[in-house]
Amino acid sequence: MHGHRRQALREPSVDEKEQNRQRVEKYCTLNTSVMNLRAQSVFTAPALDLTKRLLELNTELHTVWNYRRTILTHLDTWQDPTERQRVLESELDFLFDIIKKNIKSYWMWNHRVWTLNSMPQADWQRELALVARLLELDARNFHGWDYRRFVVSHMDDMDVAEFAFTTEQINRDCANHSAWHNRSKLLPGVLAKSGNVAEMLVTEQSLVLNAIYTDPDDQNAWLYHEWLVSIQTSDEDRLRMLRDKVAAIRELLELEDGDDAGSKRPLIELVDALAAIDKLEAVAEEERRECLDTLHRLKSIDGGHAGRYTDMLQMLGKRWELVK
């Protein structure tokens, strides 16, 4: 942890070294047995059990996951829909135990997707409940969000409900990148079903600006706002949203009361917004000077990106004939 002195590693005892040696030996023996069976194209229930024991020790063996799928499809039970359903339900239980050990295993999630796609009757409501529990434990886990999108894609009329779910997640944590990303995927469909698109977009911008007020240095809300502007179909709507953004940034900077260390991101966004507005309609000379003054301020507080700000000063100054 930050601020704590690193503790010296303790030398393991003789008994601990022996236990570790035995664990490694057991793992290597099991791994060799599974790989030999795979090389001999053995697709039996005992071989399946050995893959389970090995994967419980190491979830990252993608070759073993592939071998396990091949075994399942070669078992006699695979041809009987009832028996296949039973076997694959047991597979889901096994995978749930793996999730608790390593929620971030790509191969495990891939195998769960394959299992559900192979089931005669998948219980998508159960899967949705499962992933909801996982996201309660780790709301930003992108594996969980990817899996949630997969589950929802197999359910009917879920756009509005999922959109509401992202609202809940963002209200809990406005820095949840996965929630913002999922929201961007859902919004077009939700707008298409809405009876009042204009009102929805106003509400959407309000949500984004509230997130910006909450955590000005987090990039997620800024990026979502930029995307929201880009999908507008008219210059009038883009201008309105950009003007609202500029007004919000000015208010935010006033609230920060000149705290340079905390205001870098809003300053950058202010420059970008004014430059974007100028492409749609000429901004007043006062705003042009505000933009250039902001770039000078950024050069003084963010020396690591001074070259970028200098280039922007030259570009905008030349465009506006206000080189400073």
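Before going into details, it helps to say that this report is about the structure given with it. Note that this is a predicted model, so its numbers are computed, not measured.

**Regarding the overall build of the protein**
Move 1: For the protein, the count of helices and strands is 15 helices and 0 strands.
Move 2: Over its C-alpha trace the protein gives a radius of gyration of 28 Å, far above what one expects of a compact globule, namely 20 Å for 324 residues.
Move 3: Its C-alpha atoms put the protein at 80 × 60 × 30 Å along the principal axes.
Move 4: Partitioning the intrachain contacts of the protein with sequence separation of at least 6 by distance along the chain shows that 62% fall at a separation of at least 24.
Move 5: As displayed, the protein offers around 18,500 Å² of accessible surface, 50% of which is attributable to carbon and sulfur atoms.
Move 6: In the protein, 43 side chains carry a positive charge and 54 a negative one; their mean positions are 6 Å apart.

**Points about the packing of aromatic side chains**
Move 1: Within this structure, the stated rule accounts for 10 aromatic pairs.
Move 2: Judged by centre distance (4.8 Å) and plane angle (45°), the ring pair of W109 and Y147 falls under tilted. With W109 in helix α5 (residues 106–118) and Y147 in helix α7 (residues 142–152), the pair connects residues that are 38 residues apart, well separated along the chain. For the pair W109 and Y147, a shared accessibility class is recorded, and that class is buried.
Move 3: Relative to Y224, the ring of W180 has its centre 4.9 Å away and its plane inclined at 45°; by these criteria the two rings are tilted. Here the residue W180 occupies a position in helix α9 (residues 177–193), and Y224 occupies one in helix α11 (residues 219–230), the gap between them amounting to 44 residues.
Move 4: Grouping aromatic residues by their ring pairs yields a cluster made of W109, W124, Y147 and F150.
Move 5: Here R148 stacks its cationic end above the ring of F165, 3.6 Å away from the centre of that ring.

**Section: the nonpolar core**
The nonpolar side chains of a soluble globular protein tend to be buried with one another.
Move 1: Counting residues in each nonpolar core, the largest one holds 50 residues, and the members touching the most others are W180, L295 and L316.
Move 2: Put simply, the parts of the chain that give this core at least two residues each are α8 (159–172), α9, α10 (197–214), α11, α12 (235–256), α13 (264–280), α14 (285–301) and α15 (306–320).
Move 3: Not counting residues up to four positions away in its chain, the partners in contact with W180 are I170, C174, L207, V208, A211, N220, A221 and Y224.
Move 4: Core analysis: the next-biggest nonpolar cluster, separate from the first, contains 37 residues, V34, L55, W78 and V152 among them.

**Quick word on a nonpolar patch on the surface**
Move 1: Together, Y106, W107 and F142 give the surface a local cluster of nonpolar side chains, amounting to about 310 Å² of exposed area.
Move 2: On the secondary structure map, F142 appears in helix α7.

**Structural notes on the packing of α12 against α13**
Move 1: One can describe the packing of α12 onto α13 by two numbers: an axis separation of 9 Å at closest approach and a directional angle of 150°. Judged on the interaxial angle alone, α13 and α12 are roughly antiparallel. Two packed elements cross with a definite hand, and for α12 against α13 that hand is left-handed. Listed contacts from α13 to D235, R238, L239, L242, R243, K245, V246, I249, R250, L252, L253 and E256 of α12 are P266, L267, E269, L270, A273, L274, A276, I277 and L280.
Move 2: By residue class, the composition of the contact of α12 with α13 is 14 nonpolar, no polar and 7 charged.

**What about the layout of surface pockets?**
Move 1: Estimates place the volume of the largest pocket at around 290 Å³.
Move 2: Along the wall of the largest pocket there are 17 residues; nearest its centre are E226, K245, D272, A273 and A276.
Move 3: Counting only elements with at least two residues in the lining of the largest pocket, the list comes to α11, α12, α13 and α15.
Move 4: In terms of residues, the lining of the largest pocket owes the most to one element, α13, which gives 8 residues.
Move 5: Across the lining of the largest pocket, the residue classes break down as 9 nonpolar, 1 polar and 7 charged.
Move 6: Roughly 190 Å³ of volume is contained in the second largest pocket.

**Here we look at unusual backbone geometry**
Move 1: Notably, S41 is not glycine yet its phi reads approximately 55°, a positive angle.
Move 2: Among the structural elements, S41 can be located in the loop between α1 (14–39) and α2 (45–57).
Move 3: One non-glycine residue, D157, adopts positive backbone phi at about 50°.
Move 4: Examined against the element boundaries, D157 turns out to sit in the loop between α7 and α8.

Cut-offs applied
- Residues numbered from 1 in each chain as written.
- Predicted model: local features only at pLDDT ≥ 70, side-chain atom pairs only at ≥ 80, totals over all residues.
- Heavy atoms only, no water.
- Helix = DSSP H or I, 4+ residues; strand = E, 2+ residues; numbered from the N terminus.
- Rg over C-alpha atoms; globule rule 2.2 N^0.38 Å.
- Contact = heavy atoms within 4.5 Å.
- Areas by Shrake-Rupley, 256 points an atom, 1.4 Å probe, with all protein chains shown as cover.
- Lys, Arg positive; Asp, Glu negative; His and termini not counted.
- Charge placed at Lys NZ, Arg CZ, Asp CG, Glu CD.
- Phe/Tyr/Trp six-rings, centres within 6.5 Å; stacked < 30°, edge-to-face > 60°.
- Buried < 20%, exposed > 50% of the residue type's maximum accessible area, 1.4 Å probe, protein only.
- Lys NZ or Arg CZ within 6 Å of the ring centre and 35° of its normal.
- Core = buried A, V, L, I, M, F, W, Y, C linked by side-chain atoms within 4.5 Å.
- Patch = residues over 30% accessible without salt bridge, like charges linked within 9 Å, V, L, I, M, F, W, Y side chains within 5 Å.
- Salt bridge = Lys/Arg side-chain N within 4 Å of Asp/Glu carboxyl O.
- Axes fitted to C-alpha atoms, helices over the stretch in contact; angles between N-to-C directions.
- Parallel < 35°, antiparallel > 145°, perpendicular 65-115°, else oblique.
- Left-handed = near helix turned anticlockwise from the far one by under 90°.
- Nonpolar A, V, L, I, M, F, W, Y, C, P; charged D, E, K, R; others polar.
- 1 Å grid on protein atoms, 1.4 Å probe; cavity = no way out; pocket = protein on both sides within 12 Å on 5 of 7 lines; lining within 4 Å.
- Points joined across faces, edges and corners; volume = space filled by probe spheres on them.

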